[in-house]
Amino acid sequence: SDSKILDQDGGTKVQLKRELGLFSAINFILAIMIGSGIFVSPASALKYSGSVGMCLVVWTACGMISLLGALAYSELGTLVPRSGSEYAYFVDSFGPLHKFWGNLPAFVYSWIMIVVIRPAEIAVLVLTFSQYLCQPILDAFCLADEELRQKVIKAIALVALGITTYINVSSVKLYVRIQNTFGSCKVIACLIVICGGLYQICLGNTDNLKRGFEGTSTSPKDYALAFYSGLWAFDGWSAVTTITEELKKPDVNIPRSIYIAVPMVTVLYVFMNMSYMTVLTPTEMINAQAVAVTFGERILGKFAIIIPLGVALSTFGCALSLQFGVTRLCYVSGQDGFMLESLSYVHYKKLTPSPAVILQGIISFLFIATGNILELIEFASFLIWLFYGIAMISLLVMRKTMKETHRPYKVPIFIPVFIFMVALYLSVIPIILDPTPKYLMALGFMLIGVFIYYWFIYKDKRPKAMMRSITHYVQLLCNVVPPESE
């Protein structure tokens, strides 16, 4: 009833609005894909491939695989025009097949992403942002006390988390403006590295590149690890499908943004690696704590500070967009009753899913405060590729169950089959090569999700009076109402 009153007074429906165009969609993909990895530690592919030439082949192949995966997601995103990416596909493909098992994949996916993986990644990103922002300032003030430095870095990280949360609560238009700016800045930072490398090539510094395929590894295990690390650097190619409901013309802009953004990232990654190799030997690249910073110190002189600032901008933009995306997962899962209903509510003026954004800010805050975030990501992050594989199965299922549905975009059948095989490989490889207890922890966390699903969702044993009280207080505190249907 509140939303109807607001609709009569304000003349607009209270719901998420389509604010994102093609440029914003491209920037969203760039923001998620280009984090700190290519600036800080891109050398794993070089270490395991064994040679400069094979390393560049691996990076190119990883870009092509990512493009194929993203194209499969284009079909999914245009066929199921809801935000939430994998969650929405699992609901529509598996949900009708079985009363209990059908919705279980969707719930487990939302459970793991909302409670652990995304907020932990956001926490790591804002800590990295703070580290690279603060490092030159703390050095300038000659602050040598490591304990005090870490306290300052953590404090700035919490401020940065507060800023990202404020932006995503305030306005989608504000997010778009800031993200477009940060997306452009991180591409400029990449181009600075590439131009520096091209300048070095013009000067004749090509000794490392001339090594070509010398020393190429012949071990299948090494190639497995090289592709594993390379494909993780490209992770994020499915990002645009998490925000389908806020995209203008999603049937057109999803494929277009992928066709532009993923090849762009591939070109940037390959040429950045070539640039690093012009001034750093393979051993120096592998051992460097931050490859781009070392590269900048070698060739940029007094302007070397541009690189850590570029890393800071890149990580902040990535954290901002990750939070934006996961809150839309909270929003749709709340609508379906898989999470708290109030997570699907929208601020009556700002038209943002404020409760979902605030929840993600709180969880990320707890991760920063408690520490050990990297271990949390490691024990669960291999599951991301498992979910990619299940998404390919959902695409094949919907080819049968939704045969007559109009598909604005359709990929050849070999693409989802191939990406499923890659996903299966990347899900199994880390367990075989590094069978540590963290994978049992991931399995245990999934089993907790299964129990919660069985008791609270399937059996509907939720304490309804408590749920109504939570919803009431969330509405009062956040000024939110249920979104209106189209």
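Everything in this summary refers to the structure shown in the same document. Small disclaimer: the values here were computed from a predicted structure and weren't measured. (Residues numbered from 1 in each chain as written. Predicted model: local features only at pLDDT ≥ 70, side-chain atom pairs only at ≥ 80, totals over all residues. Heavy atoms only, no water.)

**A look at the overall build of the protein chain**
(1) Moving on: A tally of helices and strands in the protein chain yields 19 helices and two strands.
(2) Moving on: Computed over C-alpha atoms, the radius of gyration of the protein chain comes to 23 Å, within 12% of the 23 Å expected from 2.2 N^0.38 for 486 residues, which places it in the range of a compact globule.
(3) Moving on: In terms of overall dimensions, the protein chain has C-alpha extents of about 70 × 55 × 45 Å along its principal axes.
(4) Moving on: Residues classed as buried in the protein chain amount to 56% of the 486 residues present.
(5) Moving on: Across the protein chain, contacts joining residues at least 24 apart in sequence account for 83% of those joining residues at least 6 apart.
(6) Moving on: A total of about 20,900 Å² of accessible surface is found on the protein chain, and carbon and sulfur atoms cover 65% of it.
(7) Moving on: Placing the 36 positive and 30 negative side-chain charges of the protein chain at their respective mean positions leaves the two points 5 Å apart. (Helix = DSSP H or I, 4+ residues; strand = E, 2+ residues; numbered from the N terminus. Rg over C-alpha atoms; globule rule 2.2 N^0.38 Å. Buried < 20%, exposed > 50% of the residue type's maximum accessible area, 1.4 Å probe, protein only. Contact = heavy atoms within 4.5 Å. Areas by Shrake-Rupley, 256 points an atom, 1.4 Å probe, with all protein chains shown as cover. Lys, Arg positive; Asp, Glu negative; His and termini not counted. Charge placed at Lys NZ, Arg CZ, Asp CG, Glu CD.)

**What about the nonpolar core?**
Considering soluble globular proteins, one finds that nonpolar side chains tend to be buried as a cluster.
(1) Moving on: In this structure, I34, F39, I112 and Y276 are the most contacted members of the largest nonpolar core, which totals 151 residues.
(2) Moving on: With 18 residues, helix α7 (residues 104–140) is the single largest residue contributor to this core.
(3) Moving on: In contact with F39, not counting residues within four places along its chain, are I34, K186, A189, C190, M272, Y276, A290, V291, A292, V293, V311 and S314. (Core = buried A, V, L, I, M, F, W, Y, C linked by side-chain atoms within 4.5 Å.)

**Considerations on the pattern of salt bridges**
(1) Moving on: Tallied over the full model, the rule gives nine salt bridges.
(2) Moving on: With a closest N to O distance of 2.7 Å, R118 and E121 form a salt bridge. In this pair, R118 and E121 both sit in helix α7, three residues apart, roughly one turn of the helix. Comparing R118 with E121 shows no difference in burial state: the two are buried.
(3) Moving on: Salt-bridge contacts for E147 lead to K151; the nearest nitrogen and oxygen are separated by 3.8 Å. Here K151 and E147 lie together in helix α8 (residues 146–170), a separation of four residues that amounts to about one turn. Each of the two residues, E147 as well as K151, counts as exposed.
(4) Moving on: What emerges from the salt-bridge pattern is a single network uniting E75, R399 and R407. (Salt bridge = Lys/Arg side-chain N within 4 Å of Asp/Glu carboxyl O.)

**Quick look at the packing of aromatic side chains**
Where two aromatic rings form a pair, the distance of their centres and the angle of their planes describe that pair.
(1) Moving on: Summed over the entire model, instances satisfying the criterion amount to 29 aromatic pairs.
(2) Moving on: Seen in terms of ring centroids, Y73 and Y89 are 5.9 Å apart; in terms of plane orientation they differ by 75°. Their pairing is edge-to-face. With Y73 in helix α5 (residues 52–79) and Y89 in helix α6 (residues 86–94), this residue pair connects regions lying 16 residues apart in the sequence.
(3) Moving on: The exposure class assigned to Y73 is buried, which follows from its relative accessible area of 0%.
(4) Moving on: Seen in terms of ring centroids, Y175 and F324 are 4.0 Å apart; in terms of plane orientation they differ by 10°. Their pairing is stacked. In this pair, Y175 sits in helix α9 (residues 172–202) while F324 sits in helix α14 (residues 306–335), placing the two residues 149 residues apart along the sequence.
(5) Moving on: Assessed through its relative accessible area of 2%, Y175 is described here as buried.
(6) Moving on: Within the aromatic cluster, the residues linked to one another by ring pairs are Y87, F100, W101, F107, F338, Y453, Y454 and Y458. (Phe/Tyr/Trp six-rings, centres within 6.5 Å; stacked < 30°, edge-to-face > 60°.)

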